[in-house]
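Listed below, chain by chain, are the residues.
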Amino acid sequence: HLGKSPNSGKALFLVVALELRKGGSVPPDALLCLGRASGKENEPPCVALSVYDGDTAKLVPGATVLVLDPVVVDVPGESGGYRAVHVTDASKLRVDGVALRRVYAGQASSTAL
């Protein structure tokens with residue numbers, strides 16, 4: 001079980017289920033991912049993944065993702081909000097076992113190709 005805020009020394013394994021927003025003019029790129037259910041009655045096994053500085057071209061449905069030291073936040077909303085994992089350091093994200101390439105501000109992501 002992961003708590004809110006940084007979870008130093010822990011890792012989170014996810015599978016990308018759906019692209020919510022990619023290649024926008026401002027970060028983050030957002031995806032819906034599936035993880036292991038916590039066993040709590042009203043807690044679904046899905047979580048939003050927000051990627052701020054990484055090349056998200058390989059984050060497609062079915063891709064496996066490993067997030068190191070995950071930062072978990074609760075995002076408020078009219079219908080109760082949702083839980084999200086924020087990745088602001090591309091070096092903390094592995095996609096299908098390969099480190100995510102960092103994209104700097106002003107640099108085009110490979111999603112634009």
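Here's what I pulled together on the structure shown here. In this text the structure is predicted, and so the values were computed from the model without any measurement. (Residues numbered from 1 in each chain as written. Predicted model: local features only at pLDDT ≥ 70, side-chain atom pairs only at ≥ 80, totals over all residues. Heavy atoms only, no water.)

**Focus: the pairing of strand S5 (residues 64-68)**
Then comes step 1: Here S5 shows a buried face lined by Val65 and Val67 and an unburied face lined by Thr64, Leu66 and Leu68.
Then comes step 2: Pairing of strand S2 (residues 11-21) with S5 involves five bridges; the strand directions are antiparallel. Along S5, the bridge assignment pairs Leu12 with Val67.
Then comes step 3: Alignment of S5 against strand S8 (residues 93-95), held across three bridges, turns out to be antiparallel. Looking across to S8, one finds that Leu66 is bridged to Arg94. (Buried < 20%, exposed > 50% of the residue type's maximum accessible area, 1.4 Å probe, protein only. Helix = DSSP H or I, 4+ residues; strand = E, 2+ residues; numbered from the N terminus. Pairing = 2+ DSSP bridges.)

**Quick notes on the nonpolar core**
Across soluble globular proteins, you tend to see nonpolar side chains buried next to one another.
Then comes step 1: Within the largest apolar cluster, 19 residues are counted, with the highest numbers of intra-cluster contacts made by Leu49, Leu59, Val65, Val67, Val85 and Leu93.
Then comes step 2: Listing elements by their share of this core, those giving two or more residues are S2, strand S3 (29-34), strand S4 (46-51), S5, strand S7 (82-87) and S8.
Then comes step 3: Here Val65 is in contact with Leu12, Phe13, Leu14, Val16, Leu49, Leu59, Leu93 and Arg94, once residues within four sequence places are set aside. (Core = buried A, V, L, I, M, F, W, Y, C linked by side-chain atoms within 4.5 Å. Contact = heavy atoms within 4.5 Å.)

**Structural notes on the side chain of Asp29**
Then comes step 1: For Asp29, the location among the structural elements is in strand S3.
Then comes step 2: At 5.5 Å, Arg21 is the nearest oppositely charged side chain to Asp29, a buried residue that forms no salt bridge.
Then comes step 3: Among the polar contacts made by the side chain of Asp29, one reaches the side chain of Thr56 at a distance of 2.5 Å. (Lys, Arg positive; Asp, Glu negative; His and termini not counted. Salt bridge = Lys/Arg side-chain N within 4 Å of Asp/Glu carboxyl O. Polar contact = N/O pair within 3.5 Å; in protein donor to acceptor, adjacent residues only side chain to side chain.)

**A few points about the pattern of salt bridges**
Then comes step 1: Applying the stated criterion across every chain, the model contains five salt bridges.
Then comes step 2: Put simply, Asp69 and Lys92 hold a salt bridge, and the shortest N to O gap is 2.6 Å. Note that Asp69 is positioned in the loop between S5 and strand S6 (71-75) and Lys92 in the loop between S7 and S8, a separation of 23 residues in sequence.

**Comments concerning the state of the cysteines**
Disulfide: a covalent bond formed between the sulfur atoms of two cysteine residues.
Then comes step 1: Inspection of the entire model under this criterion finds zero disulfides.
Then comes step 2: Not engaged in a disulfide, the cysteine Cys33 finds its nearest cysteine sulfur in Cys46; these two sulfurs lie 9.6 Å apart.
Then comes step 3: By relative accessible area, which is 33% here, Cys46 ends up partly exposed. (Disulfide = S-S within 2.5 Å.)

**Digging into the pairing of S7**
Then comes step 1: In this sheet, S7 lies alongside S4 in parallel orientation, the contact comprising four bridges. Counterpart to Ser50 in the pairing with S7 is His86.
Then comes step 2: The hairpin turn running from S6 into S7, its antiparallel successor, is six residues long, and Gly80 in that turn takes a positive phi close to 105°.

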